[in-house]
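# Survey of secondary and tertiary structure
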Amino acid sequence: MVYQKLYGFSMKICLRFAKKQVEAAEIVNDGFFKAFTNIDKYDENWSFKTWLSRIMHNASIDYYRANLKWSQMETLDQSDFFRHEASVERKLGYEDLLETIRQLPPAYQMVFNLYAIDGYTHEEIANMTGITAGTSRSNLYKARQKLQQMLARPQSIIALLLWTLWRKSIRVSTYRSSLYSNTKRP
């Protein structure tokens, strides 16, 4: 009953880390297995969902460690680190955003999810994943750059479309206002 009730909640967490829904389902099942086998370690001072969420995050990280190579990780050589916020103006649906994040390299995807979505610090990410805090910062920076690049391509097409529609609406409103200005008012 707990599995059925919290499957969707757990799947949302694991989908952010997996490339495919099948992988996410595998991570969810591993997470529930860990939760059920360690139920005696549950602290009643915490909500069950919070405890299960932490297990699902750890299961996702374990899956990542077991199945993916760390060769895509790059270290941060300099202490200077420039943060650039992604300047994406179009609104994406949850599924669109999730699909875009899934296209990131696995190392970038992991750090981006843990930092930007789940709110972990770089030090916490370093402890959880076995990388340095500098590598975490570097991967977050590169993930944001890649996301910005991925979102910029379709955005330029949308911007062109919106600009064209805006120009047409200006023409229509100018035409309408000229019609009204030519009529005599009582």
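Here is a short report on the structure shown in this document. Since this is a predicted model, take the numbers as computed values, not measurements. (Residues numbered from 1 in each chain as written. Predicted model: local features only at pLDDT ≥ 70, side-chain atom pairs only at ≥ 80, totals over all residues. Heavy atoms only, no water.)

### Quick look at the overall build of the chain
Looking only at helices and strands, the chain features 7 helices and 0 strands. Expressed as a percentage of the 186 residues in the chain, the buried residues total 34%. Carbon and sulfur atoms form 55% of the exposed surface of the chain, whose accessible area is close to 12400 Å². (Helix = DSSP H or I, 4+ residues; strand = E, 2+ residues; numbered from the N terminus. Buried < 20%, exposed > 50% of the residue type's maximum accessible area, 1.4 Å probe, protein only. Areas by Shrake-Rupley, 256 points an atom, 1.4 Å probe, with all protein chains shown as cover.)

### Re the packing of aromatic side chains
According to the stated counting rule, one finds 6 aromatic pairs in the structure shown. Aromatic pair tyrosine 3 and tyrosine 7: ring centres 5.4 Å apart, planes at 55 degrees, arrangement tilted. You can see tyrosine 3 and its partner tyrosine 7 sitting in helix 1 (residues 2–15), 4 residues apart, about one turn around the helix. On the basis of relative accessibility, which here comes to 32%, the residue tyrosine 3 falls in the partly exposed class. Residue class for tyrosine 7 comes out partly exposed when judged on its relative accessible area of 27%. Feature note: the residues Tyr3, Tyr7, Phe32 and Phe36 constitute an aromatic cluster, connected by ring pairs. Seen from the ring of phenylalanine 9, lysine 49 lies directly overhead, with NZ or CZ sitting 4.8 Å from the centre. (Phe/Tyr/Trp six-rings, centres within 6.5 Å; stacked < 30°, edge-to-face > 60°. Lys NZ or Arg CZ within 6 Å of the ring centre and 35° of its normal.)

### Details of helix 2 (residues 21–37)
Here helix 2 spans 24 Å end to end across 17 residues, near enough to the 24 Å set by a 1.5 Å rise per residue. Buried-residue contacts for helix 2 involve helix 1 and helix 3 (48–67). (Expected span 1.5 Å × (residues − 1). Contact = heavy atoms within 4.5 Å.)

### A look at the environment of glycine 31
Secondary-structure assignment places glycine 31 in helix 2. Put simply, glycine 31 and leucine 52 are 21 residues apart on the chain and 8.0 Å apart in space, counted from C-alpha to C-alpha. Apart from residues no more than four positions distant in its own chain, glycine 31 is found in contact with Ile55, Met56 and Ala59.

### Points about the packing of helix 1 against helix 3
Relative to each other, helix 1 and helix 3 sit at 50 degrees, their axes nearing to 10 Å. Between helix 1 and helix 3, the interaxial angle falls into the category oblique. Crossing hand, helix 1 versus helix 3: right-handed. Between helix 1, through Val2, Leu6, Phe9, Ser10, Ile13 and Cys14, and helix 3, the contact on the second element is made entirely by Phe48, Lys49, Leu52, Ser53, Met56, His57 and Ser60. Residues belonging to the contact of helix 1 with helix 3 are distributed by class as follows: 8 nonpolar, 4 polar and 1 charged. (Axes fitted to C-alpha atoms, helices over the stretch in contact; angles between N-to-C directions. Parallel < 35°, antiparallel > 145°, perpendicular 65-115°, else oblique. Left-handed = near helix turned anticlockwise from the far one by under 90°. Nonpolar A, V, L, I, M, F, W, Y, C, P; charged D, E, K, R; others polar.)

Treat this as a map of the structure, not an account of what it does.
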